[in-house]
Amino acid sequence: MDTEQIIAEIELLERIFAVPDTRPLNPSDLSAANRKHDEMLAHSPWFRLWKSYGVCCRPNPESPVE
């Protein structure tokens, strides 16, 4: 195989995958992003306080929504 052709194809793929995804987020995407955010900040006492007092704009998954 031609090495220059392989390099050109790899560079083309890199350019294709570098384009941002402009599709709108679906509820599953938002849920995953919220879960990742919460897991990342779970050790923070400020974040736990913020969630426990309902300052959060989304309900706690363990508490029923009223």
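Note on numbering: residues in each chain are counted from 1, in written sequence order. At least 70 in pLDDT is required for a residue's local features to be given in this predicted model, at least 80 for side-chain atom pairs to be given and counted, and no such filter applies to totals for whole chains, interfaces and linings, which use all residues. Calculation of side-chain values draws on the structure's entire complement of heavy atoms; hydrogens and water are dropped beforehand.

### What to know about the packing of aromatic side chains
Aromatic ring pairs are defined here through the distance separating the ring centres and the angle between the ring planes.
Reasoning step 1: Stacked, edge-to-face and tilted are the three classes for Phe, Tyr and Trp ring pairs, Trp counted by its six-membered ring, which pair at centre distances within 6.5 Å; planes under 30 degrees apart are stacked, over 60 edge-to-face, the rest tilted. Throughout the structure, instances matching the rule amount to one aromatic pair.
Reasoning step 2: Between phenylalanine 47 and tryptophan 50, the aromatic rings sit 5.1 Å apart at their centres with planes inclined by 35 degrees, giving tilted as the arrangement. Linking phenylalanine 47 with tryptophan 50, this pair stays in helix α3 (residues 45-52), spanning three residues, or about one helical turn.
Reasoning step 3: Relative accessibility decides the category of a residue: with a 1.4 Å probe and only protein chains considered, values under 20% of the type maximum give buried, values over 50% give exposed, and everything between is partly exposed. Accessibility expressed as a relative area gives 8% for phenylalanine 47, which makes it buried. For helices the rule is a DSSP run of H or I covering at least 4 residues; for strands it is a run of E covering at least 2, with both sets numbered from the N terminus onward.

### Let's talk about helix α2 (residues 27-41)
Residues that lie three or four places apart on an α-helix share one face, since the helix turns once every 3.6 residues.
Reasoning step 1: With 15 residues, α2 should reach 21 Å at 1.5 Å per residue; the first-to-last C-alpha distance of 21 Å fits that figure.
Reasoning step 2: Whenever a nitrogen or oxygen atom comes within 3.5 Å of another N or O atom, the pair is scored as a polar contact, on the condition that within protein one atom can donate a hydrogen and the other can accept it, and that pairs from neighbouring residues in sequence are kept only if both atoms are in side chains. N-cap assignment for α2: the residue whose side-chain oxygen lies 3.0 Å from the backbone N of serine 28 is asparagine 26. An expected span of 1.5 Å times one less than the residue number is assigned to each helix.

### Points about the pattern of salt bridges
Reasoning step 1: Salt bridges, as used here, are contacts in which a Lys or Arg side-chain nitrogen is within 4 Å of a carboxyl oxygen on Asp or Glu. Going through the model one piece at a time under the given rule, you end up with one salt bridge.
Reasoning step 2: Arginine 23 is the salt-bridge partner of aspartate 21, the closest N and O atoms lying 2.6 Å from each other.
Reasoning step 3: Assessed through its relative accessible area of 53%, aspartate 21 is described here as exposed.

### A closer look at the confidence of the model for the chain
Reasoning step 1: With 80% of its residues at a pLDDT of 70 or more, the chain shows a mean pLDDT of 82.
Reasoning step 2: Confidence scores here are pLDDT values: one per residue, from the predictor, ranging 0 to 100. Summarising per-element confidence for the chain, the mean pLDDT is lowest in α3 (83) and highest in helix α1 (residues 3-18) (93).

### Remarks on a nonpolar patch on the surface
Reasoning step 1: Where nonpolar side chains cluster on the molecular surface, the patch consists of Leu12, Leu13, Ile16 and Phe17 and spans about 440 Å² of accessible area.
Reasoning step 2: In this structure, phenylalanine 17 sits in helix α1. Residues enter patches when their relative accessible area tops 30% and they take part in no salt bridge; the joining distance is 9 Å for like charges and 5 Å for the nonpolar side chains Val, Leu, Ile, Met, Phe, Trp and Tyr. For the area figures, the Shrake-Rupley method with a 1.4 Å probe applies, and any residue is considered shielded solely by the protein chains shown.

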